[in-house]
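Given next are the chains, with one letter for each unit.
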Amino acid sequence: METDYTNFNLITTELSENLKQAREYMKKTKPRAYKKLMSFLAKQRKDIFPRVSLLDWGYGFECNFNCKHCGTSCLSGHNLNQTVPKRMPMDVVKRVADEADELGYFIISFIGGEPLIWSELDELVKTVDPSRFYITVLTNGWYLTKKRAEHLKDIGVNKVGISIDSGIPKEHDAFRNKHGAFKRAMNAVHNALNAGLRIHISTTITHQNLKSEGVRKLLELSNKLNVSIDLQCATVAGHWQGNYGVLINEEDANYILELRKKYPLIRRDVFPTPGGTGGCPALTGSVFLTSSGEVIPCLFIHISLGNVYRDSFKTILDRGSLIPKLRENSKKCLAGEDMKFIKKYLSRTFEQKNLPLSFEEGFRIIENKRLK
């Protein structure tokens, strides 16, 4: 039976209240970003395209961990235009941020790799201009000390996502291939909260671990701390490229929905939000920008829609809109649940060394005249 989100916000109100608080903060402190948020929700309700909300920015892929599920490791050092610099110059960063602002993006989330080892992070936040965007940083927490958390708050970061994949220390450390990772992540949670940053816990969910004790402990932690927990369902990208066994099924998706009755701060990308309709946000809400300027529909769909060194952001989004599946308001994660999309498109990325694939290679089933 297909997962039914019709009465989603009637199941529990806590997550809605959590999001409403964030929106009220944005309304008071970032009116420009708030206006873009309201415009996005209106377009989502009316199914108007293009509509944009979140720009995931992989400015660099260096990392101090070697996680079993990493989705960006296969993008590190590879790009379709080998002439671009390893780091995007700040004048290009500003141009991209200006275009993103003009198009209506209201959240920029810096993702690695590990952003807290970027020497350019402060300048990056300053250049994109926090007055225009709600700024988040996704981190493994290793370097998020009390002093660093306070500094992030001071430079304009609003929220940090801290990756924790099990509430059992040994399990988390093993998954992250880093002894002491759980302890440092938990310290990071408290350092961020004490600094006045909003946080969420980001947890990778597979068919195998969904009902585990380790995940249950994290859900309990979410309730205890009153912070949202983003369940990032496994995909067939990165280190799990072609591994269909880790994917959740329909029964798992329904189980997650039922869990919200007890753990109301559970969040998934496909869940509806107050005033919106929900659905997989790949292209219909968000895109991922790689360190070499390639724009892909999401972190786990390793097929390029274009490169910001060559094309405008609008041109890139228009190109993506040629793919009907990317314009649908899919209730399933395209990279982790939609088997038709996975087998038709993502399977082309399997065992490829130079990712992302070009638009033509990844979506070549489209008529040639529409690719021009």
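Because the structure is predicted, anything quoted here is derived from the model rather than measured.

Cut-offs and rules
Residues numbered from 1 in each chain as written. Predicted model: local features only at pLDDT ≥ 70, side-chain atom pairs only at ≥ 80, totals over all residues. Heavy atoms only, no water. Disulfide = S-S within 2.5 Å. Buried < 20%, exposed > 50% of the residue type's maximum accessible area, 1.4 Å probe, protein only. Axes fitted to C-alpha atoms, helices over the stretch in contact; angles between N-to-C directions. Helix = DSSP H or I, 4+ residues; strand = E, 2+ residues; numbered from the N terminus. Parallel < 35°, antiparallel > 145°, perpendicular 65-115°, else oblique. Contact = heavy atoms within 4.5 Å. Nonpolar A, V, L, I, M, F, W, Y, C, P; charged D, E, K, R; others polar. pLDDT = per-residue confidence, 0-100. Left-handed = near helix turned anticlockwise from the far one by under 90°. Right-handed = clockwise from strand over helix to strand, strands pointing away. Pairing = 2+ DSSP bridges. Core = buried A, V, L, I, M, F, W, Y, C linked by side-chain atoms within 4.5 Å. Expected span 1.5 Å × (residues − 1). Arc of directions from axis to C-beta.

The next subject is the state of the cysteines. All chains considered together, the criterion is met by zero disulfides. The thiol sulfur of Cys 280 is not disulfide-bonded, and the nearest other cysteine sulfur, from Cys 333, lies at 5.2 Å. Cys 280 gets classed as buried once you look at its relative accessible area, which sits at 7%. Note on Cys 298: no disulfide assigned, nearest cysteine sulfur contributed by Cys 280 at a separation of 6.3 Å. The exposure class assigned to Cys 298 is buried, which follows from its relative accessible area of 16%.

On to the packing of helix H7 (residues 169-176) against helix H8 (residues 181-194). Two elements in contact, H7 and H8, have axes whose closest approach is 7 Å; the angle formed by their N-to-C orientations is 105 degrees. With respect to H8, the axis of H7 lies roughly perpendicular. Between H7 and H8, the residues in contact are Pro 169, His 172, Asp 173 and Arg 176 and Ala 181, Phe 182 and Ala 185, respectively. In the contact of H7 with H8, the residues fall into four nonpolar, one polar and two charged.

In this section: the confidence of the model for the chain. Averaged over all residues, the pLDDT of the chain is 90; the fraction at 70 or higher stands at 90%. pLDDT under 50 marks residues 366-372. Its contacts with residues more than four places away, or in other chains, come to eight contacts.

For the pair helix H5 (residues 121-128) and helix H6 (residues 146-155), the least separation of the axes is 10 Å and the interaxial angle reads 25 degrees. With respect to H6, the element H5 is oriented roughly parallel. Two packed elements cross with a definite hand, and for H5 against H6 that hand is right-handed. On the side of H5, the interface is formed by Leu 121, Asp 122 and Val 125, while H6 contributes Arg 148, His 151, Leu 152 and Ile 155. Its residues assigned to classes, the contact of H5 with H6 comprises four nonpolar, one polar and two charged.

Below, the discussion takes up the pairing of strand E3 (residues 134-139). Of all six residues making up E3, five are buried, and the element is well covered by its neighbours. Handedness of the crossover joining strand E2 (residues 107-110) and E3 through H5: right-handed. By the bridge criterion, four bridges tie E3 to strand E4 (residues 159-163) in an arrangement that is parallel. Note that in E4 the partner of Leu 138 across the bridge is Gly 161.

The next thing to look at is unusual backbone geometry. Along the chain, Phe 49 connects to Pro 50 via a cis peptide bond; the corresponding omega equals 5 degrees. Looking along the chain, the bond that leaves Leu 355 and enters Pro 356 is cis, with omega of 5 degrees. Relative to the helices and strands, Pro 356 is located in the loop between helix H13 (339-344) and helix H14 (359-362). Unusually for a residue other than glycine, Asn 226 sits at a positive phi of about 60 degrees. On the secondary structure map, Asn 226 appears in the loop between helix H9 (213-225) and strand E6 (228-233).

Looking now at the nonpolar core. Trp 57, Phe 110 and Val 160 are the most contacted members of the largest nonpolar core, which totals 92 residues. With sequence-adjacent residues up to four places away left out, Trp 57 is seen in contact with Met 88, Val 93, Val 96, Ile 108, Ser 109, Phe 110, Ile 111, Trp 118, Val 128 and Leu 289.

All right, on to H9 then. The terminal C-alpha atoms of H9, which comprises 13 residues, lie 18 Å apart, in line with the 18 Å expected from a rise of 1.5 Å per residue. For H9, every residue scored as buried is listed here: Gly 214, Val 215, Leu 218, Leu 219, Leu 221 and Ser 222. Along the axis of H9, the buried residues cluster in a sector spanning 155 degrees; they form a single face. Residues of H9 that are buried make contact with H7, H8, strand E5 (198-205), E6, helix H10 (250-259) and strand E7 (266-267). Two residues or fewer past H9, Asn 226 is found with a positive phi of approximately 60 degrees.

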